[in-house]
Amino acid sequence: MASKDLKFNTKTIHGGQQPDEAYGAVMPPIYQTSTYAQTTPGGHKGYQYSRSANPTRTALENSLASIEGGEFGLAFGSGIAAIDAVIKLLEPGDEVISTDDLYGGSYRIFKKIFEKFGIVFHFVSMQGTDAVRDKINSKTKLIWVETPTNPMMNIIDIKAIAALTKDKDILLAVDNTFATPYLQMPLELGADIVMHSATKYLGGHSDTVVGALVVKDKELADKLYFVQNASGAVCGPMDSFLVLRGIKTLHVRMQRHCENGRAIALYLKSNPKIEKVYWPGFEDHPNHHIAKEQMKDFGGMISFVPKGGSYDNAIKIVERLQVFTLAESLGGVESLAGHPASMTHASIPKEERLRSGVVDSLIRLSVGIEDVDDLIADLEQAIE
Ligand SMILES: Cc1ncc(COP(=O)(O)O)c(C=O)c1O
């Protein structure tokens, strides 16, 4: 059966994969090699040098393309390296429109690295389409969407933003790190590029740092491949193997992340010591209707603000947690808690951070797949 016709839960395991040609290994071997023997100059079996291509990375790239419903996958040394490759498609003077509630590291590379090369970035609210429409002009070459957003769990309507780029020379890229293709398929909704920090849910075990891009269009894939090879921020064979192994259980892990996420969101909402809970599954979430339409479920990422909370109060809560680990990152099997103002979003100027709702007392949870009763008991004792 062609990979394309498989259901998602089969694609995670078999999509784009064949037993290895050498010995029939079911899992692609870790081809830990930089180079490949040639019989005559150019006489090789498709691989010459591992920056350009490596069989373990190819296996991961084929899997990525399959699960995202794309044609071409590219694996990088980190999520940020994948973002870097997309922005390197642009020329000085080109303009990018992005959301004003963006992962701090994405904001940092846009503002602190690429702005000085003459690329112009606009950060606007993407809660509707008006602010984006107003900023589009003949220099706009890329719209960068992240949904759900990190850490405010805002939902952006991918289809509606894609409609704004129709018949225009504008690429739409979607950071699908929080949702994963288990919940949301940006290419089907009209995006040109899907990006991942595969460090997170795709890898799923907090044991590697990897980035990914998936596209449908051959010309675009060729341009991105050129940047990948020319700039060189590739993903190594061991890391490729780890993410490939992670993807094989993505659907079962995501199902449990969503179940536990729902239980914890409801618990926090019912706790009188909590002021506000951000989770797209609530009916009173401003874009719940869009989340319901474009996502299969609501994921395991939740942010909350304790009542009367302060910077110190939030720090105390995250320090007291025992089953949740206080750490950067998200999307692993273990539950993590973070304090965006001092951790993931510290690189965003305070005024901008506050404008998008990232107050000093905000706490972000990446709900893992442990027993949910233990997770709730842990939150209960930390909040008390
Ligand atoms: C939404 C999002 N995009 C991109 C990144 C960057 O990915 P990486 O840390 O793999 O470079 C992160 C990392 O936290 C993220 O949360």
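What counts, and where the lines are drawn
- Residues numbered from 1 in each chain as written.
- Predicted model: local features only at pLDDT ≥ 70, side-chain atom pairs only at ≥ 80, totals over all residues.
- Heavy atoms only, no water.
- Axes fitted to C-alpha atoms, helices over the stretch in contact; angles between N-to-C directions.
- Helix = DSSP H or I, 4+ residues; strand = E, 2+ residues; numbered from the N terminus.
- Left-handed = near helix turned anticlockwise from the far one by under 90°.
- Contact = heavy atoms within 4.5 Å.
- Nonpolar A, V, L, I, M, F, W, Y, C, P; charged D, E, K, R; others polar.
- Core = buried A, V, L, I, M, F, W, Y, C linked by side-chain atoms within 4.5 Å.
- Buried < 20%, exposed > 50% of the residue type's maximum accessible area, 1.4 Å probe, protein only.
- Domains from an automatic or database assignment.
- Pairing = 2+ DSSP bridges.
- Buried area = accessible area lost by both parts, 1.4 Å probe.
- Salt bridge = Lys/Arg side-chain N within 4 Å of Asp/Glu carboxyl O.
- Polar contact = N/O pair within 3.5 Å; in protein donor to acceptor, adjacent residues only side chain to side chain.
- Near = heavy atom within 4 Å.
- Phe/Tyr/Trp six-rings, centres within 6.5 Å; stacked < 30°, edge-to-face > 60°.
- Lys NZ or Arg CZ within 6 Å of the ring centre and 35° of its normal.

**What to know about the packing of helix H2 (residues 55-67) against helix H9 (residues 237-247)**
The angle between the axes and the distance between the axes are what describe a pair of packed helices.
Working step 1: It is at 8 Å that the axes of H2 and H9 come closest, and there the two elements cross at 35°. Every pair of crossing elements has a handedness; the one defined by H2 and H9 is left-handed. The segment H2 lies against H9, with Thr56, Arg57, Ala59, Leu60, Ser63, Leu64 and Ile67 engaging Pro237, Ser240, Phe241, Val243, Leu244 and Ile247.
Working step 2: Of the residues assigned to the contact of H2 with H9, the class counts are nine nonpolar, three polar and one charged.

**A closer look at the nonpolar core**
Working step 1: Counting residues in hydrophobic clusters, the biggest one holds 63 residues, and the most contacted among them are Leu60, Ile264, Leu268 and Leu365.
Working step 2: The element contributing the most residues to this core is helix H10 (residues 250-270), with seven residues.
Working step 3: Built from parts of two domains, this core gets at least three residues from each of domain 1 (3-247) and domain 2 (251-383).
Working step 4: When neighbours within four sequence positions are excluded, Leu60 is seen to be in contact with Ala75, Val210, Cys235, Ser240, Val243, Leu244 and Ile247.
Working step 5: Among the nonpolar cores identified, the runner-up in size contains 29 residues, and Ala82, Ile87, Phe121 and Leu224 belong to it.

**Notes on helix H3 (residues 79-87)**
Note that an α-helix has 3.6 residues per turn; residues three or four places apart therefore point the same way.
Working step 1: Among the nine residues of H3, eight are classified as buried, and the element is accordingly described as predominantly covered.
Working step 2: Residues of H3 that are buried: Gly79, Ala81, Ala82, Ile83, Asp84, Ala85, Val86 and Ile87.

**What about the sheet that holds strand S6 (residues 193-197)?**
Working step 1: Sheet architecture is open: seven strands sit in the order S1-S7-S6-S5-S4-S2-S3, paired in mixed fashion. Here the strands that pair on one side only, and so sit at the sheet edges, are strand S1 (72-76) and strand S3 (120-124). The mean angle between the axes of side-by-side strands here comes to 20°, regardless of whether they run parallel or antiparallel.
Working step 2: Looking at chain direction, S6 and strand S7 (residues 211-215) are connected through five bridges and run antiparallel. Among the inter-strand pairings, Met195 is bridged to a residue of S7, identified as Leu213.
Working step 3: Against the sheet, helix H4 (residues 104-114) touches strand S2 (95-99), S3 and strand S4 (140-146), its axis set at about 150° to S3.
Working step 4: Relative to strand S5 (residues 171-175), helix H6 (residues 158-165) is tilted by about 160°, and along the sheet it contacts S4 and S5.

**Observations concerning the domain arrangement of the chain**
Working step 1: What the domain assignment lists for the chain is domain 1 (3-247) and domain 2 (251-383).
Working step 2: For the pair domain 1 and domain 2, the two sides together bury roughly 3,400 Å², of which 60% comes from carbon and sulfur.
Working step 3: Taken together, the connections running from domain 1 to domain 2 amount to zero salt bridges.
Working step 4: Here domain 1 is connected to domain 2 by 17 residue pairs in polar contact (both at pLDDT 80 or more).
Working step 5: Contributing elements (two or more residues each) for the side of domain 1 that touches domain 2: helix H1 (8-14), H4, H6, helix H7 (180-183) and H9.
Working step 6: Here the side of domain 1 that touches domain 2 is composed, by residue class, of 20 nonpolar, 16 polar and six charged.

**Quick look at the site of the ligand**
Working step 1: Lining the immediate environment of the ligand, one finds 15 residues, of which Gly79, Asp175, Ser197, Thr199 and Lys200 sit closest.
Working step 2: Within the side chain of Asp175, an N or O atom sits 2.6 Å from a nitrogen atom of the ligand.
Working step 3: Broken down by secondary-structure element, the contributors of at least two residues to the shell around the ligand are H3 and S6.
Working step 4: Residue composition of the shell around the ligand, by class: six nonpolar, six polar and three charged.

**Examining the packing of aromatic side chains**
Geometry of an aromatic ring pair is reported as the spacing of the ring centres plus the angle between the planes.
Working step 1: Counted by the stated rule, this structure contains eight aromatic pairs.
Working step 2: Relative to Phe282, the ring of Trp279 has its centre 5.1 Å away and its plane inclined at 75°; by these criteria the two rings are edge-to-face.
Working step 3: According to the relative accessible area criterion, Phe282 is buried, its value standing at 6%.
Working step 4: With a centroid separation of 5.7 Å and 75° between ring planes, the pair formed by Trp279 and Phe298 is classed as edge-to-face. One end of the pair, Trp279, is in the loop between strand S8 (274-278) and helix H11 (288-294); the other, Phe298, is in the loop between H11 and strand S9 (301-306), and 19 residues separate them in sequence.
Working step 5: Residue classification places Trp279 among the buried residues on the basis of a relative accessible area of 2%.
Working step 6: Positioned over the ring face of Phe282 is Lys269, at 4.0 Å from the centre of the ring.

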